[in-house]
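Next come the chains, spelled out residue by residue.
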Amino acid sequence: MSTTTELPDALKPWSPWLAWFAPEMAAELGALVQRMQPLLGRFRGQTRGGVPEPDGLDDLRRRGPYERLLATEWLLADELPDEFLRRAASSEHLFLAPRPRAREAEKSIVAIFDAGPRQFGAPRLGQLALWILLARRAEQIGGVFQWGVLQLPGGLDGADDVRQLRSLLKARDFDVGTSAHVSAWREVLAEMEHAPGESWLVGSASAEQAVDERWTSHRVCLQRAVLGDVLDVSLSDRGGLRRAQLPLPSAKVGVPLLRGEFTQRAPDTLHRRHSGRISLQRPPIISPSGTHVAVQLLDEPGLLVFVVPGAKQRKAAKPKYQYWGQALVPLAVMLLGKRTGALLSHERSMYFWQVPGLGNFAAPDAEEFRAPPGLAVWLPSAWLHDRQHQRVCMIDRDSKLVIWNMTPGVRPDPEAGAPTLVESKVVGMLQWSELGVVYAAVHDNQLVLRRLGATDGPESVRVICTPVAETRVLFANGWQWRSGLGGMALRVATEPHDVWRIHQPDPAFVGGQHGRYPQKWKTFEIRAPRALALIDDSTHGRYALLSLSPSLDGLDLHAQNGTETIYKAPERIEKISVCPCTGLAVMLTVHKKIIVYAVPQRALRAVLHGEGASDASAA
């Protein structure tokens, strides 16, 4: 279970279960859970039956059976019988008192939920909250929580994941619970190897019936109040009857909860189908401007390329397919505006596909450029151009930054196809626009920041620090790097947790072209495991690190004030890419959906379904 959802402190005890819901849903459902908690009382499990066995000696007592009389007392009977009788009459004899073995209470909890028509609507939200409360109650005592449906006697389910909770909502029955259902369930509970520590009946049956006349230890009655969006809750156990009126979640949250839609759902206009089968082997490629995305196809040698819909665009554009030769193996993919290019490998040669001015060339030696085929990730690359020249930058598997220069209109020369080495140890790179990149490199035992344009050589910006072990750098922003300093994150520690030093542009110090670009940083540190990207979270006026949630079905944002789960996917996320300039995240899910999410705006941009993808439309 994920425990990273940012919730008020009062809701943190239930965060493993509330993490299954979208943030807004978690907050409102959590409020109902919190208000219902005091009604439950403390756990009073039934003790296991049988005669308790002794567990050694406890102490000496004045009363007890004479077979446990202290041996010295029997000696007194032989020597001074009158004194023995006097002490017996005045209860002065001493007896051995064995310590009984403690009886352990049964720690299992069984709840039977009424799924009939009287529990439709608001009472079902109460059942949802009570399910979470009982799941945590069982976890606290080290026990097991099982539940069943009154109208379906015999079947008990667990409470290990969100699918089981959805099963409760799907179990709707138009039959009202009857005495036959009750009798069947009584037999089921009686046949269990150990009677449950607590047995709950949750539904519309009155909670006022005497405890000794009921077949369950707890009874909960849920019904909507006559006036207002309020839930009437009555709960009775051996401690008595307790009542409360609890405010219900809003209709905006309650309706999707009752449908079992626990995560954010994209409008139907953002869903689109395509005819291709995408591969989950490699993550998507996003253009520097965040306007185009390329995803590798599974059965065909090529790419699915589509335009990312704008914030106000109602319909996603039709995807396009681009193919290369069957025998070619892709090493890197580049997007330059609407144009797509790639570096492909074939036997002992390499080939630039759809990159004017560059063609095929003999594969360089590994010392010059190491790019073995079959890698699970694309090589980091950038395609630069100005009015007269173009350049491809690429980082190989040994962290070497190399470039290929070409002039449009000039036929490529296979003999001159070897790359030119720029840096030997690069730990991070950002293409801030079509005009250039900024990168961090280890040079002369220093971590330096440099720029590289479409024609000019590397330009030093500044020295950052002395490199640490396993140095890694993440960049953010685009336009601020044109003539100044954008956002940058430097990993400064990996044990026991990843610690990142965030370099945030200081707007108080601007300069460069037209005095618009920051020239100094403000720094602070954030602890973030498995960080994917640095995000300029402009809507909240902060910088934060983005990562996949531990359950691999959500996005977590780590800031100075804590961690927040900003998005929950409908299924496990297999691959993800993030555009550092715009904060756009593109996810490939286990059922081959493509989900496009704008992190700074907290908004879904598109959901694409292809061949082999799940038919479910929720995202």
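Rules behind the numbers
Residues numbered from 1 in each chain as written. Predicted model: local features only at pLDDT ≥ 70, side-chain atom pairs only at ≥ 80, totals over all residues. Heavy atoms only, no water. Helix = DSSP H or I, 4+ residues; strand = E, 2+ residues; numbered from the N terminus. Buried < 20%, exposed > 50% of the residue type's maximum accessible area, 1.4 Å probe, protein only. Polar contact = N/O pair within 3.5 Å; in protein donor to acceptor, adjacent residues only side chain to side chain. Contact = heavy atoms within 4.5 Å. Core = buried A, V, L, I, M, F, W, Y, C linked by side-chain atoms within 4.5 Å. Axes fitted to C-alpha atoms, helices over the stretch in contact; angles between N-to-C directions. Parallel < 35°, antiparallel > 145°, perpendicular 65-115°, else oblique. Nonpolar A, V, L, I, M, F, W, Y, C, P; charged D, E, K, R; others polar. 1 Å grid on protein atoms, 1.4 Å probe; cavity = no way out; pocket = protein on both sides within 12 Å on 5 of 7 lines; lining within 4 Å. Points joined across faces, edges and corners; volume = space filled by probe spheres on them. Salt bridge = Lys/Arg side-chain N within 4 Å of Asp/Glu carboxyl O. Pairing = 2+ DSSP bridges.

Asks: Can you walk me through the side chain of Q164 in this structure?
Replies: Inspection of the secondary structure puts Q164 in helix α6 (residues 162-170). Assessed through its relative accessible area of 14%, Q164 is described here as buried. Of note is the side chain of Q164, whose polar atom sits 3.2 Å from the side chain of D157. Polar side-chain contacts of Q164 include one of 3.0 Å to the backbone nitrogen of D161. Setting aside its immediate chain neighbours within four residues, Q164 contacts W131, W147, D157, G158 and A159.

Asks: Honestly, the nonpolar core in this entry has me stumped. Any pointers?
Replies: Nonpolar side chains in soluble globular proteins tend to end up buried together. Grouped together as the largest cluster of nonpolar side chains are 55 residues, with contacts concentrated most on F21, M36, W131 and F145. Top contributing element to this core by residue count: helix α5 (residues 122-140), with eleven residues. Beyond its immediate chain neighbours, meaning those up to four positions away, W131 contacts W17, W20, F113, F145, W147, G158, A159, D161, Q164, L165 and L168.

Asks: Can you walk me through the environment of I112 in this structure?
Replies: Among the secondary structure elements, I112 is positioned in strand β3 (residues 109-113). You can call I112 buried: its relative accessible area is 1%. Once the C-alpha coordinates of I112 and Q164 are considered, the two residues, 52 residues apart in sequence, prove to be 14 Å apart. Once you skip the residues sitting within four places of it in the chain, I112 turns out to touch G148, V149, L150, L156, W185, W200, L201, V202 and W215.

Asks: Can you walk me through the packing of helix α3 (residues 71-79) against helix α4 (residues 81-89) in this structure?
Replies: Between two packed helices, the angle of one axis relative to the other and the distance separating the axes together describe the packing. The N-to-C vectors of α3 and α4 enclose an angle of 130°; their axes lie 5 Å apart at closest approach. As judged from the angle between their axes, α3 and α4 are oblique. Of α4, the residues touching α3 (which contributes E73, W74, L76, A77, D78 and E79) are P81, E83, F84 and R87. Looking at the contact of α3 with α4 residue by residue, the class counts come to five nonpolar, no polar and five charged.

Asks: Any chance you could explain the side chain of S547 here in plain terms?
Replies: By secondary structure assignment, the location of S547 is in strand β34 (residues 542-548). A distance of 2.7 Å separates the side chain of S547 from the side chain of H558, its partner in a polar contact. Residues contacting S547, with those up to four places away along its chain left out, are P529, R530, A531, L532, G554, L555, D556 and H558.

Asks: Before we go on, may I ask you to explain the layout of surface pockets in this structure?
Replies: By rolling a water-sized probe across the atoms, one finds the places where empty space is left. Put simply, the largest pocket is a space of about 1,600 Å³. Within the residue set of the lining of the largest pocket, elements represented by two or more residues are β11 (285-286), β15 (329-336), β19 (381-385), β23 (426-433), β27 (473-476), β33 (531-537) and β37 (573-578). Considering every element that reaches the lining of the largest pocket, the biggest residue donor is β23, with six residues. Each residue belonging to the lining of the largest pocket can be placed in one class, and the counts come to 32 nonpolar, seven polar and six charged. The computed volume of the second largest pocket comes to approximately 590 Å³. Taken together, 21 residues line the second largest pocket, and the ones lying closest to its centre are V162, R163, R166, D553 and P570. Counting residues per element, the lining of the second largest pocket draws most heavily on α6, at five residues.

Asks: Mind showing me how you'd approach the pattern of salt bridges here?
Replies: Two side chains carrying opposite charge are able to pair once their charged atoms lie near each other. For the structure shown, the criterion picks out 22 salt bridges. For the salt bridge of D398 with K400, the shortest nitrogen-to-oxygen distance reads 3.5 Å. Looking at D398, the relative accessible area reads 33%, which means it is partly exposed. The residue D537 makes a salt bridge to R542 at a minimum N-O spacing of 2.9 Å. R542 matches D537 in its accessibility class, with the two residues each being buried.

Asks: Looking at this structure, how should I read the sheet that holds strand β24 (residues 436-443)?
Replies: Read across the open sheet, the four strands follow the order β23-β24-β25-β26; overall the sheet is antiparallel. Pairing within the sheet leaves two strands with one partner each, and these edge strands are β23 and β26 (459-465). Direction aside, neighbouring strands of the sheet carry axes that sit 20° apart on average. Here β23 pairs with β24 via six bridges, running antiparallel. When the bridges of β24 are listed, S433 appears paired with G436.

Spatial relationships are all this shows, so hold off on functional conclusions.
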